[in-house]
Each structure stands twice: as C-alpha cells, then as structure tokens.
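# Working through the structure, step by step
Given next are the chains, with one letter for each unit.
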Amino acid sequence: SFSQYSQLALKVLSCFGIKVDGTIVEYLSLTEEYSDFREWLDQIVSEGCIVKVGASDFKFVHDKVQEAAYGLIPDDEKNQFHYNLGIILYSISRERDRGGAIFQIVDQINHGTKSMIDPEMKEALIELNFDAGSRALNLSDNDMALVYLEKSCSFLPQNHWDSNYEFSLNLLLLIGKAAFSCGNLDRAYDALKDIIKEGRCLEDKFEAYHVYVTILSSEGKNEAWTACCDVLSKMGQPIPDTFDNKTSKAMVEETGELLKSISFDDLLGMRDMDSVFSTKLRFYTLLLFIAFWKKPQLTTLISCRMIQISLQHGMCKDSVFGFIQYAGMTCNLSKIEEVKYIQEACRIGKAGMSLLKKYGSPVDIMPKAYLFYYGFVAVHTEPLQICADNMRKSFEVGMSAGESMLAVYNTILSIKIAMFGGENLQACLTEIDYHLEVMHRIQHKLILPYMLEYRETIVFLIGTSAALKGNCANNLELTSDAKQTKRDQVQSMNRMLRSFWGGHSSRCHYYAKKTIETSTGGLFNKQYITWLAGLNSFRGIKNKNGTGSQFLKVKESFKHAISTVRAAAEISRWNFQNKVHLLEAEMFSFERKDVEAQSSYTSAITSSASSGFIHEQGLSCELAGLHYRKIGQLSAACNFLQRAKQCYAEWGSQMKVDSITKMLESLHI
C-alpha cells in the first residue's frame, strides 16, 4: 500500500491529467506543505505508477492509473482540492514568469465555486484568466482562449466600463477575436458592439471596428462596406458611391507616373508612416479587400489612394497591400498584348513583396498580399506550381495566426491555379473538401459558392466512380443554399472547362465567349480561356481547300489565341510556351502541313513535360494522336494516344482515360 504522502502526491499529479510539467513540480517543492514533493515522486516512480519524462516532467504510465489516482479524491472534495492546489501554485509563482505553467495553474483555480473564492481573489482571477486567454490566443488555441477570457469577464464588476475601462477594452476585443476564430459569431458581435457602444473616442474603437468589419465581410454582408466607409469618413477619408471609368483611368495613369521613377531601394528607404495615417491605411486595406468582392469598380480608387498616401507620408505594413493590389489591378486592366504594362505591374508587385519582407511578413497582411501577388501578378512571371504552393503556405500561416478569414480567401485561387497547373485531381478534391470543412466550421460563407463550382469541375474531370469516393457529401448538403449565389463568371469559366475537356465544342465556344465578356477574374483567366477557345475552334472543322466561312472563323480564332499566348510567353515561357507550340501544331495540322505539325506537337509535348503540366502534356499527345490518325499513320496515332492515356492517368482523370481508351479501340490495331 502507498504511504500517506505517496497518496497525496498521486492525488496532486492526477489533477493535471496524464502528465505534469516540471515547472509545477518546482513550484510545489518551494512550498512548506509540499517541500518534500520530489522525494514523494521518486517513491511513486519506484512503485511503477509514473515515469520521469525529460529533465523534470512526470507522466502516469497509463491513463487508467491516472484515473485511479484521481479517484482517491472524494467527488464532493474534488473542486476544493483543485482550487486549493491552484491557490498554492498562484501564491508561489506571483513573482515569477509562469510561462506555459499559467494554463495548469489557472485550470486548477477555475474549479473553484463562488462560495470558495475570496472576494479579494477576484481581481487576481480576472488577471490570471486574461493572461491565460491571451497566451492561448497567441498559440492559436482559440477554443481554450475563449474559455479563459469569458471566465475573466465573468469576474468583472457590473460597472467595469467605469472602473476597468482600459482592461475592458482589451478583454472584450480578445473575446471578439477568439469567438470569431471559433466560429461563435454571435458572441463575437456582442463583444465588439459593446466596445463600439462604450468606447470613449474613435481611437479606442479602431481595433473593435476592424474585427467587426472583418467578420461582416467573412459572412458576405453588405454592412461590411458601409461600416468600413463610415470609419474612414470619420477619419477624413470619404469614399464616393461611384467612380467613372474616365476618372479611374486618369488616376491610374497619375499613380503610374509617380511609380515609374521609384526603385526597390527608394521604397525600402522611405521613412515610416505615423500612427494616424497607418490606421487610415489599415482600414483602406480592409475596404480594398471588401471592394474586390462587393464593389470591384472602386478598387482602383482605393489602391491608388493607398499608394499616394504612402508616397506622401511614408511606409507602413499596409502600404504593402496597396502596391501589390495596384500591380494586380494594372495586370487585369492591361490589354492582352500590352506586355510592357504587365512587366511594369510585375515590377511594382515585386517591390511590394520586398516591402512585405521588410516588415517581417506580418500575418494580418501576408495572406492578403499573397492572394493578390501570387493570384494576379506572379502568375504572369512565376511557374504556376510556385504560385499555388505559396498561396497554400499563406493559408497555413493565416489559420495558425487566427486570421481565418484572410486565410480562406487564398483557397479559391490556389485551387484554380493548381487546376491550371495540372496538379493531381484527387489531391485537389481532397484539398477542396478540407477547405469546405474549414469554411463551414468558421461560418465563412462568401467563398463557398466559388469553391463548390471548382469542386464540380474536378469531380467531372476525375469521373463519376472516382468522385463518389469523396467525403464531401455533408459539406455540400450544409452549404447547398450558397449555390444560389454563384457568380456568373466563375460558373461560366468552370462550365467552359468542363465542356472543353468533355469534348463539347459548341458548348465550349458559348461559355468561353461568355467568360471572356464577363470576366472579373483577371488577365490570366482571359489568357488561359482564350488559349483553350483557340484549340476548341479546330474541333469538328474540316479544311476544304482553305475556303468557306468555317475556315475563316478558325483562322480568326487562331489569330487571336496565338497572339495572346505569344505575348504571355514573352513574360513567362514556363507557363505559356507549350501553349504556343500546341496552337501552332493545330494550325499546321489544319493547313495540312504535316512535317511542321509533327515538329510542333513534339515541341508542345516536350515543353509541357518540362513545365510539369501533365494534363497539357496529355492533351498535346492526344491531339498529336488525332493528327496522325487523320493522315493515316495509325501506328503513330496509337503510340501518342497511349502516352496521352498515361498522362491523364497520372493527372487523375479517369474520365479522360476512358475517352482515350475508346479512341484506341476505334483504331482497330
């Protein structure tokens, strides 16, 4: 049987769960009551109940042993035992840095009921729980953070806005942040509205307003725009309701002239912005993000204002987003053939990324900066795979830092770029399902319809039997209402993609035209869709001695598509040179220039493989096989179609594998 002291040690250890931190052991050893605590532990170790872990931690050998030890404390005495233990630890650690031990100490004290707690301890419990909640929030343990912070709030006096004004501001702000990260939006709104109501001046409300607008934006509510504009107006920065194209163009040209003469070193060497203007820029950053989804016609005004304020008053971390958004906007506004403007935009975007590094890639800016740089700027210069990977990295950073809203915005473009880059379709589907679960958990509604569209495309490409193995049925059911709000542009583009890969020429032509006409998704979308539309124009059309209206339509479509991808390839051979070769090969085949066609097909296949575009390598092999079938070289056709089948299998498209299998069967070789 265990001695009295061994039993006491077992009771104490059991209160901390399966493992106790060495700091707790040290604190207890410093008290009069537990001065021999280490000796008691050594005895229990020798009995085989616990083991020493590392230099100073202790752990029960099994959870059943911990449960048995905890059972030594009568049920009606457990709360009091925990509370007394917590008070002892609190008393001995008051003048020390508690570090991670704060959680274990506060957990013990929080077992105390109202009757146990001395009124003089309430102030200490407010501070202790606030400290634990702040630390938990910094560690992204949002659920526990909210528990600690709410406990702190429960001890505040009724007149806390008078007696504890500064503390109340900080506590309720953290409750708002933690509740938002947990998906408890009602509690988040209540805490933030309390600050907005009770705050004594606008400056005291800035943080609450920022989080409040962020939550509204995550829900896709129009009030996000109104609330953010209201704050900026109070700071002397009114936002107009409309902004005509003529004024927009003039503002872009004016800002462009200011930026032409500025180098990377000039930007990095500029003075720091004061707190007044940096706060304005912070809300401009938030407004710009809202405008991207709600009022795209005003993104020009906002990004140009951000740059002009930065150039006049110095730099801050939010200046980063202004430069990168301006670069993305310039790319999108540039005509396809305007290579020099796109190159200048990319230069500005890179300058913005240099600023991001200068400010240490802050987590509240990085996800937004990566979204616009890798989603709208770098896609013109960097390999698509690098762009997709960096956006995934940004998602992880945002989620780990509690910036869930910023993180999820990256997912929609990272999935699109991954698709365009030929990543494995099953991996893309798994990734989408994970993101849908995250969005449902944090009640982020704005991006759901877009993600569902891309999911539908990926499911189509994989093939029905493979897609049924997915695990997203519940997600789709939970978010079915969002389907009613799908944007026409994203829907049209995905229908165009499904039509192209499914071989539906007329449908593909219709949705390609509609996508390009309504596109708000950026220049890269237009370039990619124009290329596919150019390839699609050759389907089902026979060259009748170079005459006829159909022949002329093919020529016209080809001319537009080839000029588009050639201009894009000037900036990024990695992303577009294979597309140039494949379009040229199709035109040579159409014109019955067999030698040139064969050479261009080979170049397209080699270039696609070099860039890691397995889907486009498969497409090049497929079209080469069809060319050889057309000219009667069935053995060569069979070889290329077999290679296409292998590429599509690696891509993960059973639908395309089945299609190629039917083509091979029709050769009768």
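Located above this text is the structure these notes cover.
## Points about the packing of helix α12 (residues 202–218) against helix α13 (residues 223–234)
Relative orientation of the contacting elements α12 and α13 amounts to 160°, with a least axis distance of 9 Å. On the basis of the axis angle, α12 is roughly antiparallel to α13. Once α12 is placed against α13, the crossing between them reads as left-handed. Residues Leu202, Phe206, Tyr209, Val213, Leu216 and Ser217 of α12 lie in contact with α13, whose contacting residues are Glu223, Ala224, Ala227, Cys228, Val231 and Lys234.

## What about the pattern of salt bridges?
Considering all chains together, one arrives at 22 salt bridges under this definition. Note that Glu219 and Lys221 form a salt bridge whose closest N and O atoms lie 3.3 Å from each other. What makes Lys221 partly exposed here is its relative accessible area of 32%. Lys656 is the salt-bridge partner of Glu622, the closest N and O atoms lying 3.2 Å from each other. Residue Glu622 is found in helix α33 (residues 614–630), and its partner Lys656 is found in helix α35 (residues 654–667); the two are separated by 34 residues along the sequence.

## As for unusual backbone geometry
If you check the backbone angles, Ser140 has positive phi at about 65° while not being a glycine. Position of Ser140 among the secondary structure elements: in the loop between α7 (122–138) and α8 (142–154). Judged by its relative accessible area of 24%, Ser140 is partly exposed. Residues other than glycine seldom take positive phi values, yet Ser361 does so here, at roughly 50°. Within the element layout of this structure, Ser361 appears in the loop between α19 (339–358) and α20 (366–377).

## A closer look at the side chain of Ser248
For Ser248, the position within the fold is in helix α14 (residues 245–260). On the basis of relative accessible area, Ser248 is assigned to the buried category, the value being 10%. At 3.4 Å, the side chain of Ser248 forms a polar contact with the side chain of Thr300.

## Quick look at the packing of helix α10 (residues 165–182) against helix α11 (residues 185–198)
Interhelical geometry of α10 versus α11 gives an angle of 155° and a closest axis separation of 7 Å. By the angle between their axes, α10 is roughly antiparallel relative to α11. For the element pair α10 and α11, the recorded crossing hand is left-handed. Two secondary-structure elements touch here, α10 through Tyr165, Leu169, Leu172, Leu173, Ile175, Gly176, Ala179 and Phe180 and α11 through Leu185, Arg187, Ala188, Ala191, Leu192, Asp194, Ile195 and Glu198. When its residues are assigned to classes, the contact of α10 with α11 shows twelve nonpolar, one polar and three charged.

## Notes on the packing of aromatic side chains
Inspection of every chain in the model, using the stated rule, returns 32 aromatic pairs. Members of the aromatic cluster, connected to one another through ring pairs, are Phe289, Phe292, Phe321, Phe372, Phe376 and Tyr409. Between the NZ or CZ atom of Lys280 and the centre of the ring of Phe277, over which it lies, the distance is 4.4 Å.

## Examining the state of the cysteines
Tallying each qualifying case throughout the model produces zero disulfides. Of the cysteine sulfurs around Cys304, a residue in no disulfide, the closest is that of Cys331, at 14 Å.

## Description of the side chain of Glu616
Mapped onto the elements of the fold, Glu616 is located in helix α33. Separated by 2.9 Å, the side chains of Glu616 and Lys579 make a polar contact. Those residues in contact with Glu616 that lie beyond four places of it in its chain are Phe420, Tyr528, Trp531, Asn578, Lys579 and Ser608.

## Here we look at the sheet that holds strand β1 (residues 19–20)
Pairing is antiparallel across the open sheet formed by three strands, whose spatial order is β1-β3-β2. At either end of the open sheet lies a strand with only one pairing partner, and these are β1 and β2 (50–53). Bridge count between β2 and strand β3 (residues 57–60): four bridges; the pairing is antiparallel. Across the sheet, residue Val53 finds its bridge partner in β3, namely Asp57.

## Overview of the environment of Ala604
With respect to the helices, strands and loops of the structure, Ala604 is situated in helix α32 (residues 594–611). Judged by its relative accessible area of 0%, Ala604 falls in the buried class. Measuring from C-alpha to C-alpha, the distance between Ala604 and Leu619 comes to 9.5 Å, with 15 residues separating the pair along the chain. Apart from the residues within four sequence positions on either side, Ala604 is in contact with Asn578, His581, Leu582 and Ser620.

## Focus on α35
Between its first and last C-alpha atoms α35 spans 20 Å; for 14 residues at 1.5 Å apiece the expected length is 20 Å, and the two agree. Buried within α35 we find Met655, Lys656, Val657, Ile660, Met663, Leu664 and Leu667. Note on α35: the residue one or two positions beyond its end, His668, has a positive phi of about 55°.

## With respect to empty space enclosed by the protein
By the definition in use, this model includes five cavities of 30 Å³ or more. Secondary structure elements with two or more residues in the lining of the largest cavity: α22 (404–420), α24 (448–462) and α27 (488–502). Classifying every residue of the lining of the largest cavity gives eight nonpolar, two polar and no charged.

## Structural notes on helix α2 (residues 22–29)
For an α-helix the count is 3.6 residues per turn, leaving residues at separations of three or four pointing the same way. The buried count for α2 comes to six of eight residues, which makes it a mostly enclosed element. Regarding α2, the residues found buried are Gly22, Ile24, Val25, Tyr27, Leu28 and Ser29. Each element contacted by the buried residues of α2 is listed here: α1 (4–14), β1, α3 (37–47), β3, α5 (78–93) and α6 (101–109). Its side-chain oxygen placed 2.7 Å from the backbone nitrogen of Thr23, Asp21 serves as the N-cap of α2.

Parameters at a glance
Residues numbered from 1 in each chain as written. Predicted model: local features only at pLDDT ≥ 70, side-chain atom pairs only at ≥ 80, totals over all residues. Heavy atoms only, no water. Axes fitted to C-alpha atoms, helices over the stretch in contact; angles between N-to-C directions. Helix = DSSP H or I, 4+ residues; strand = E, 2+ residues; numbered from the N terminus. Parallel < 35°, antiparallel > 145°, perpendicular 65-115°, else oblique. Left-handed = near helix turned anticlockwise from the far one by under 90°. Contact = heavy atoms within 4.5 Å. Salt bridge = Lys/Arg side-chain N within 4 Å of Asp/Glu carboxyl O. Buried < 20%, exposed > 50% of the residue type's maximum accessible area, 1.4 Å probe, protein only. Polar contact = N/O pair within 3.5 Å; in protein donor to acceptor, adjacent residues only side chain to side chain. Nonpolar A, V, L, I, M, F, W, Y, C, P; charged D, E, K, R; others polar. Phe/Tyr/Trp six-rings, centres within 6.5 Å; stacked < 30°, edge-to-face > 60°. Lys NZ or Arg CZ within 6 Å of the ring centre and 35° of its normal. Disulfide = S-S within 2.5 Å. Pairing = 2+ DSSP bridges. Expected span 1.5 Å × (residues − 1). 1 Å grid on protein atoms, 1.4 Å probe; cavity = no way out; pocket = protein on both sides within 12 Å on 5 of 7 lines; lining within 4 Å. Points joined across faces, edges and corners; volume = space filled by probe spheres on them.

That is the geometry; function is a separate question.
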